[in-house]
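Here's the letter readout for the chains.
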Amino acid sequence: MSWLSRVRNSLPFVAKRETPDNLWVKCPSCQEMLFVKEYEENLHVCPRCNHHGRINADTRLGILLDAGYDLLPQPSVKEDPLKFRDTSKYTDRLKKARANNAHSDAFSVGSGMIDGRPAVVGVQDFSFMGGSMGMAVGSAFVAGAEQALKRHCPYIVVTAAGGARMQEGILSLMQMPKATVMTRRLKEAGLPYIVVLTDPTTGGVTASYAMLGDVHIAEPGALIGFAGQRVIQDTIREQLPEGFQRAEYLLKHGMVDMVVERKDLKGTLATLIDYLAPKKAA
Amino acid sequence: MQSYLEFEKPVAQLDQRIAELRAASEGDEVDISAELARLEAKSAELLATTYAALTPWQKTQVARHPSRPHFRDYVAHAFEEFVPLGGDRLYGDDQSIIGGLAKLGERKVVLIGHEKGHDTETRIRHNFGMGKPEGYRKAIRLMELAGRFNIPVVTLVDTSGAFPGIEAEERGQAEAIARSTEACLALPVPMVAVIVGEGGSGGAVALASAERVLMMEHAVYSVISPEGCASILWRTAEKAPEAAEAMKVTAQHLERLGVIDRIVPEPIGGAHRDPAAAARALGTAIGDELDTLAQIAPEQLRRMREDRFLAIGAN
Ligand SMILES: [Zn+2]
């Protein structure tokens, strides 16, 4: 336990920044001006149109885990292994992303309880470089799975990513089999692995650990798919159907078990854990 | 008729001069054989030096060359026998991913790979090597069969990526790829994967999550196409050469990064200049690898496979 950095979430997740210029926020879906406090109390879901806004890792962990969970340290990975540079340096992009984020990369792991049930929750944060999967994300996913194996408890992963971290080239692609090694180990250990797909989950993340859950839950309206819509349109030159690659569309096509509103997510996970979690040794 | 890539222009010009000289000397008494030999040697040397120093973007073009050998050529020249097996038992039989039972020398293997096609008709039939969910599910079926009957698996990867289409998404392209990767990792038998042309993204890794990963000398393997990367990061596909450079897509780079284990040499001027020789080199390399892996117990094979991927990114 000592290697865990203990983070006491004594404050409720809603009591965040309350600077005057943040008093109002516009719903990206219905454009309605919303009172920030009301929006946050509503778990970043628009009370007018039910749009589920993107939320950061700490907010998500706060919603899903009971207060007082432990935040796992970010595993150390090789930084910028390709010395990648496009219009700016990858190291500069990382610096910028870190300056605007509480965490050092896009995947954070909380180890704690869901309504009193032991669980490890891994959360991908879209606000950190589009949630993109690189070595840090892959390694944090692995660390979360290892923690679940150690505690012999379910592993819940909340996905959100535009795809791979291109600046890590092939090494980002290799995170797909890497994460899959761990989903297999959880399976062999008889531990439930539950995926919560949030907006957006696309590319290599979808085509690996996001689609290998024992149960797949999606948030309403979440964009979930393998290929990007523009790529598909450029390839087939056809109109995309209404609601294509949205959570409800995936439900209809059998790719997710259920679409669950954010306010019901924790309860749903608790119910699933009651059914699936390993039985306590007598 | 040899088709030349843009960067092969100096070789093309030389070859054209040789052809003209030869045509002009038809029935001529003047002996130009010495001059011809000199020019031919010069052309061969130029080709060799050009191919020894290909940039990542040039290699991308070689890997995509229309005459580059594909699955069927490798089957014809490297394998003794091929018994195709088809269908995913769920939906259909995807022709962009082919599989079956094959003999490499005396070794029985389950052979699976992408096929791009070689002319308009076959390219359409094989969907340009872009696998659909039913293709990956066929691969899963064949890998499971290989495991049950204790036959090693060999994959030949050659795809720009899995097919991006409406139906592919509806039938679970992402799930099929994820499960195919999982099937590779679960194999209780040896698995050797070879990137023979293009190794494009998840559609490639789904057939390449093996304990031994080989690459043809001029093949490329990347998380996204250089054009795709360039259009996102540089906001123009015209920066594809820079993107190919930055992403380190070549066999030589990837060997240094520890992502691949072995490079299979190609004939001078690329596999498309002598597909049979390229296939023979490939067959020899795969045979070596299979013979080494044949000594290893199933649990140990799985462990090797897991360790190689877990190690990637660890500091
Ligand atoms: Zn709204």
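Residues numbered from 1 in each chain as written. Chains lettered and ligands numbered in written order. Predicted model: local features only at pLDDT ≥ 70, side-chain atom pairs only at ≥ 80, totals over all residues.

### Details of the overall build of chain A
When you go through chain A residue by residue, the secondary structure sums to nine helices and nine strands. For 282 residues, the compact-globule estimate of 2.2 N^0.38 gives 19 Å, and the C-alpha radius of gyration of chain A, at 18 Å, lies within 12% of that figure. Overall, the C-alpha framework of chain A stretches about 60 × 45 × 40 Å when taken along its three principal axes. Burial status across chain A gives 49% buried among its 282 residues. Within chain A, counting contacts between residues at least 6 apart in sequence, those at least 24 apart form 72% of the total. (Helix = DSSP H or I, 4+ residues; strand = E, 2+ residues; numbered from the N terminus. Rg over C-alpha atoms; globule rule 2.2 N^0.38 Å. Buried ≥ 20, exposed ≤ 12 C-beta atoms within 10 Å, placed from the backbone. Contact = placed C-beta atoms within 7 Å.)

### Let's talk about the interface of chain B and chain A
The figure often quoted for interface size is the accessible area lost as the parts come together. The interface of chain B with chain A comprises 41 residues on the first partner and 47 residues on the second. Elements supplying a minimum of two residues to the side of chain B that touches chain A: α7 (166-170), α8 (173-186), α9 (201-205), β7 (220-222), α10 (226-233), α11 (240-247) and α14 (298-311) of chain B. A total of nine residues in the side of chain B that touches chain A trace back to one element, the largest contributor, which is α8(B). When its residues are assigned to classes, the side of chain B that touches chain A shows 25 nonpolar, ten polar and six charged. (Nonpolar A, V, L, I, M, F, W, Y, C, P; charged D, E, K, R; others polar.)

### Topic: the environment of B:Ala183
Residues and elements named next belong to chain B. As for its placement among the helices and strands, Ala183 is situated in helix α8. Here the alpha-carbon distance between Ala183 and Thr159, two residues 24 residues apart in the chain, equals 19 Å. Those residues in contact with Ala183, other than ones at most four positions away along the chain, are Ile140, Met143 and Glu144.

### Considerations on unusual backbone geometry
The residue after A:Asp199, namely A:Pro200, is reached through a cis peptide bond having omega -15°. Within the secondary structure, A:Pro200 is located in strand β7 (residues 193-201). You will see that B:Ser201, though not glycine, has its phi angle at about 60°, which is positive.

### Quick word on the pairing of strand β4 (residues 107-114) of chain A
All names here are of chain A. Most of β4 is tucked away: seven of the eight residues are buried. Examined bridge by bridge, strand β3 (residues 70-71) and β4 share two bridges and lie antiparallel to one another. Along β4, the bridge assignment pairs Leu71 with Gly110. Direction of pairing for β4 relative to strand β5 (residues 117-124): antiparallel, over a ladder of eight bridges. (Pairing = 2+ DSSP bridges.)

### Some words on the confidence of the model for chain B
Counting all residues, the mean pLDDT for chain B is 95, and 99% of those residues have values of 70 or more. Two summary scores accompany this predicted model of the complex, namely pTM at 0.94 and ipTM at 0.95. (pLDDT = per-residue confidence, 0-100.)

### Examining helix α3 (residues 56-63) of chain B
All names here are of chain B. Within α3, six of the eight residues are buried, leaving the element largely enclosed by the surrounding structure. Within the sequence span of α3, burial applies to Pro56, Gln58, Lys59, Thr60, Val62 and Ala63. Buried residues belonging to α3 abut β5 (191-200), β7, α10 and α11.

### Considerations on the packing of α10(B) against α11(B)
How two helices pack is summed up by the angle between their axes together with the distance between the axes. Residues and elements named next belong to chain B. With their axes 8 Å apart at the nearest point, α10 and α11 run at an angle of 105° to one another. The orientation of α10 with respect to α11, classified from their angle, is roughly perpendicular. When α10 is examined against α11, the residues Pro226, Glu227, Cys229, Ala230 and Leu233 are found in contact with a partner set consisting of Ala240, Glu242, Ala243, Ala244 and Met247. A breakdown of the residues in the contact of α10 with α11 according to their chemical character gives eight nonpolar, no polar and two charged. (Axes fitted to C-alpha atoms, helices over the stretch in contact; angles between N-to-C directions. Parallel < 35°, antiparallel > 145°, perpendicular 65-115°, else oblique.)

### A word on the sheet that holds strand β8 (residues 215-218) of chain A
All names here are of chain A. Read across the open sheet, the seven strands follow the order β3-β4-β5-β6-β7-β8-β9; overall the sheet is mixed. The outermost strands of the open sheet, each flanked by one partner alone, are β3 and β9 (258-259). Sheet contacts for helix α4 (residues 135-151): β4, β5 and β6 (155-161); angle to β4, the most-contacted strand, approximately 20°.

### Regarding the confidence of the model for chain A
On average, chain A scores 92 in pLDDT, and the residues at 70 or more come to 91%. A low-confidence stretch, residues 1-16 of chain A (pLDDT under 50), is modelled with 21 contacts involving residues beyond four sequence positions or located in other chains.

### Concerning the nonpolar core
A general tendency of soluble globular proteins is for nonpolar side chains to be buried together. Within the largest apolar cluster, 158 residues are counted, with the highest numbers of intra-cluster contacts made by B:Val153, B:Val194, B:Ile195 and B:Met215. Among all residues touching B:Met215, those that are not within four sequence positions of it are B:Val194, B:Ile195, B:Tyr221, B:Ala251, B:Leu254, B:Ile260, B:Ile263 and B:Val264. (Core = buried A, V, L, I, M, F, W, Y, C linked by C-beta atoms within 7 Å.)

### Looking at the packing of α3(B) against α11(B)
Residues and elements named next belong to chain B. Interaxial distance between α3 and α11 falls to 7 Å at its minimum, and their mutual angle equals 100°. The angle between α3 and α11 falls in the class roughly perpendicular. The segment α3 lies against α11, with Pro56, Trp57 and Thr60 engaging Ala240, Pro241, Ala244 and Glu245.

### What to know about the pairing of strand β4 (residues 153-159) of chain B
Residues and elements named next belong to chain B. Among the seven residues of β4, seven are classified as buried, and the element is accordingly described as predominantly covered. With four bridges connecting them, strand β3 (residues 107-114) and β4 associate as parallel partners. Bridge assignment links Val110 to a residue of β4, and that residue is Val153. Sheet analysis places β4 next to β5, joined by six bridges and oriented parallel. Across the sheet, the residue bridging to Val153 is Met191, located in β5.

### Remarks on the environment of B:Gly165
Here B:Gly165 shows up in the loop between β4 and α7. The class of B:Gly165 is buried, set by 20 C-beta atoms lying within 10 Å. With 145 residues separating them in the primary sequence, B:Gly165 and B:Glu20 have C-alpha atoms 48 Å apart. Once residues within four sequence positions are removed from consideration, B:Gly165 is found in contact with A:Ile232, A:Thr235 and A:Ile236.

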